[in-house]
Amino acid sequence: MKDLQQQISDYFKENATKPLSVQELEEVLELDGSDQFKELMKSLNKLEETGELIRTRKNRYGLPEKMNLIRGTIQMHAKGFAFLLPEDEAMEDVYINHADLASAMNGDKVFVRVDRRDDDGKRSEGIVVRVIERNTTEIIGTYDDNGAFGFVIADDKRIPHDIFVPKSEAKGAVEGHKVIVEITKYPEGRKSAEGKVIEILGHKNDPGMDILSIIYKNGIAIDFPQDVLEQAENISEEITEAELKDRRDLRGEMIVTIDGADAKDLDDAVTVKKLDNGNYKLGVYIADVTYYVKEGTPMDREAFERGTSAYLVDRVIPMIPHRLSNGICSLNPQVDRLVLGCDMEITSNGEVVNHEIFQAVINTTERMTYTAINKILADKNPETIERYNNLVPMFQNMEDLAAVLRKNRFGRGAIDFDFKEAQVMVDEEGKAIDVVIRERSVGERLIEEFMLCANETIAEHFHWMDVPFIHRIHEDPDPAKLQSFFEFIARFGYVVKGTSNEIHPQALQQVLEKVEGSDEEMIISKLMLRSMKQAKYDAQGIGHFGLATEFYTHFTSPIRRYPDLIVHRLIRTYLIEKKLDATTRNHWKDLLPEIAKHSSLKERAAVDAEREVDDLKKAEYMQDKIGEEYEGVISSVTNFGLFVELANTVEGLVHVSYLTDDYYHFDERAYAMIGERTGNVFQVGDAITVKVAQVNLDERAVDFEILGMKPRRNRPQKQGKVIEAKRDKTGLKKTAKKSQKSNGGKRKNTGRKKKKK
């Protein structure tokens, strides 16, 4: 007999034409007796809790979609209103007025009824009718003591209202304390949410408290649970002979790690050889984290919850404890380490013609840094070359192979965003003292190419095996956003021929090539990126638009990314343990969608935290620069002002109220602010001179005033190459030959995703 809950769900989807009462459900499901009635009520309550059914005011149950209800997530705005982000991504967002939020807060899953459109008929407006699941149960903020009671002002500006805290629930907090408050009563009508202080973190002016607040706000866990630490302590730091059974012994091979000088979690090592037939052999060896982190253990559950390591300005919050991430799992020099390897034979055209995936033990020859590789290959530094004399020929082969892979990648149309990256330098107390530009050196580019090649090889291998797998996908851009981008770049003389819904990534790469070295390069690159969707993890492999490849995954960083750890676990399951039975396939088929979704959310939270910390520290750096003048470029235009980016990547706002020589109106299509009387135009991409007006650390904001502009070129007269946008009949370039072996195969594509440390 089917589970009753499933029976009810199936009946509503297949037969129910109207909301039904409990009695009507008893009849149609042919239930009888008090026991079955109790089971019916339990099932209905569960279906209501999960949002599959909704109960009306007259105690009837029905399908939400049949009752004009949309399920989604609330995204609050600092000004009090919100948007519903529907679970159905094809649906448009729904605007929700503050008065129509009921008790919903940021991140809550809710049902919304759409009942009207705004004045121009373009935007849906709705009312929250039911909160399905609370996202916000604890809030970090600053305690404001009002004598008989207190308020907590949330650090997260998407929680625009203060949390009322009775004096008896303040736990001794005083004015200015950073606290964590637990919500005991959600907002209703004009009443604020209420809460109780559960932890005092320190005073808001304490060193490091600013970053700590951002960490907590983004839901990033710092301390590991005791059972996780105990599991880590019980793992030996030595590798025994018994553990080497069935592993390929590569300890005599010339293998190196290449990372930033400050990296401590070294999860990938590489080797390159030139073969007698003229091809290259690329070996990529990744820390075998799944040997130590078994499925279902405390460490595995915690790694899943965290999803990723977070790399902030002055600290790293690891996904797994330091004992593993910096110890037995880190491919430290001249010590034995367990790895999963992928050896690839690559032609001079960049085609992978053979590959093997296996478990091995390595003992790295050297721990190289990007700086040292750059001195050897770019600077030809005699001292560094002499120091690593025995390795230099391999590094030269690496440089040649990376150039081959890069040419192959660009040849098929992969998009390369080569943005300037800034690093904020801090002193011992965490205070920002400088902002410096980090260049992608030759060493970083080598590793990028090799990791991309391995990731794509692994993805294609499991595609042909036709087993449940986790993929890194990048969907095609939204045609409307892309069309807007095409219209904008046409103002600079760049014409993309074709339609935005038939775009091939190669056309966008050609745009980047055409603008390289021009004044508008940075702006066009950023606007192109904004027109694209975000990459994410998915159980279905639909390809990666930006990399112009049909197959891609993340295999190379299992110490710091949970999806990579899962890919390793699947390699171990399918290839090493050779479990390909129906039970195993169904197990992973059920688990992978949730793992992919959760990992994507956690990745987003970590990126948000990293970006917010960078913005905070950049604002802190500019705090003593008030009154100083800088050259910058207008990076964005909104209805409330212009954002200007300086050469060091610090971005600030010129508020519209500072534009006092005229009344200015925002032209959304032109990305411009236009003067009503003077006709002055401030447009994205314009070079501009600004003065630092003020800095607000609480808002992570820098305000500028305009001092002058460089003359704008007559952009429409620029002769730009017409770029063909239309993709060929097959879409992305596909692999021609299917592999028939479980440990090797033939492939053509390589991909690109920047390796991050």
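The preceding data block contains the structure.
Residues numbered from 1 in each chain as written. Predicted model: local features only at pLDDT ≥ 70, side-chain atom pairs only at ≥ 80, totals over all residues. Heavy atoms only, no water.

Asks: I would appreciate a short explanation of the overall build of the protein in the present structure.
Replies: Within the protein one finds 17 helices and 35 strands. The C-alpha atoms of the protein give a radius of gyration of 28 Å, which matches the 27 Å a tight globule of 757 residues would have. For the protein, the C-alpha atoms occupy an extent of roughly 80 × 80 × 60 Å along the three principal directions. Buried positions account for 51% of the 757 residues belonging to the protein. In the protein, 67% of the contacts between residues at least 6 apart in sequence involve partners at least 24 apart. Element-wise, carbon and sulfur atoms account for 46% of the exposed surface of the protein, whose accessible area totals about 36100 Å². Averaging the locations of the 110 positively and 131 negatively charged side chains of the protein gives two centres separated by 4 Å. (Helix = DSSP H or I, 4+ residues; strand = E, 2+ residues; numbered from the N terminus. Rg over C-alpha atoms; globule rule 2.2 N^0.38 Å. Buried < 20%, exposed > 50% of the residue type's maximum accessible area, 1.4 Å probe, protein only. Contact = heavy atoms within 4.5 Å. Areas by Shrake-Rupley, 256 points an atom, 1.4 Å probe, with all protein chains shown as cover. Lys, Arg positive; Asp, Glu negative; His and termini not counted. Charge placed at Lys NZ, Arg CZ, Asp CG, Glu CD.)

Asks: Quick question: what am I supposed to make of the pattern of salt bridges here?
Replies: When their charged atoms lie close together, side chains carrying opposite charge are able to pair. One pass over the full model with this rule turns up 39 salt bridges. The salt bridge partner of Arg60 is Glu24, with a shortest N-O separation of 2.8 Å. Of this pair, Arg60 sits in the loop between strand E1 (54–55) and strand E2 (61–62) while Glu24 sits in helix H2 (residues 22–28); the two residues are 36 residues apart in sequence, bridging distant segments of the chain. Taken together, the shared-partner salt bridges connect Arg406, Arg409, Asp416, Arg440, Glu448 and Glu449 into one network. (Salt bridge = Lys/Arg side-chain N within 4 Å of Asp/Glu carboxyl O.)

Asks: So what exactly am I meant to see when it comes to the side chain of His177 here?
Replies: Within the secondary structure, His177 is located in strand E11 (residues 177–185). Taking relative accessible area as the criterion, His177 reaches 18% and is therefore assigned buried. Once you skip the residues sitting within four places of it in the chain, His177 turns out to touch Gly141, Thr142, Tyr143, Ile200, Gly202 and His203.

Asks: Looking at this structure, I do not really get the nonpolar core. What am I missing?
Replies: Ranked by size, the top nonpolar core spans 88 residues in total, and within it Leu324, Met368, Phe395, Met398, Phe450 and Phe462 carry the most contacts. Examining the composition of this core, we find that 10 residues originate from one element, helix H12 (residues 442–465), more than from any other. Dropping the residues within four chain positions of it, Phe450 is found in contact with Val270, Val272, Leu282, Val284, Met398, Leu401, Ala402 and Leu405. Counting 49 residues, the second largest nonpolar core, distinct from the first, contains Ile415, Val424, Met532 and Val654. (Core = buried A, V, L, I, M, F, W, Y, C linked by side-chain atoms within 4.5 Å.)

Asks: Is there a simple way to explain the side chain of Thr549 in this structure?
Replies: In this structure, Thr549 sits in the loop between strand E26 (536–538) and helix H16 (562–576). Judged by its relative accessible area of 0%, Thr549 is buried. Within the structure, Thr549 has its side chain in polar contact with the backbone oxygen of Phe551 (distance 3.2 Å). (Polar contact = N/O pair within 3.5 Å; in protein donor to acceptor, adjacent residues only side chain to side chain.)

Asks: Would you mind showing me how to read helix H9 (residues 370–377) here?
Replies: Think of an α-helix as 3.6 residues a turn; residues three or four steps apart then line up on the same face. When we look at burial in H9, the residues that qualify are Tyr370, Ala372, Ile373, Ile376 and Leu377. All buried residues of H9 lie within an arc of 160° about the axis, which places them on one face of the element. Contacts from the buried residues of H9 go to strand E14 (256–259), strand E21 (366–369), helix H10 (382–387), helix H11 (392–412) and H12. (Arc of directions from axis to C-beta.)

Asks: Looking at this structure, how should I read the environment of Glu399?
Replies: Tracing the backbone through its elements, the reader meets Glu399 in helix H11. Using a relative accessible area of 28% as the deciding quantity, one classes Glu399 as partly exposed. Taking the C-alpha atoms as reference points, Glu399 and Ile706, 307 residues apart in sequence, are found 45 Å from one another. Here Glu399 is in contact with Leu377, Val442 and Leu446, once residues within four sequence places are set aside.

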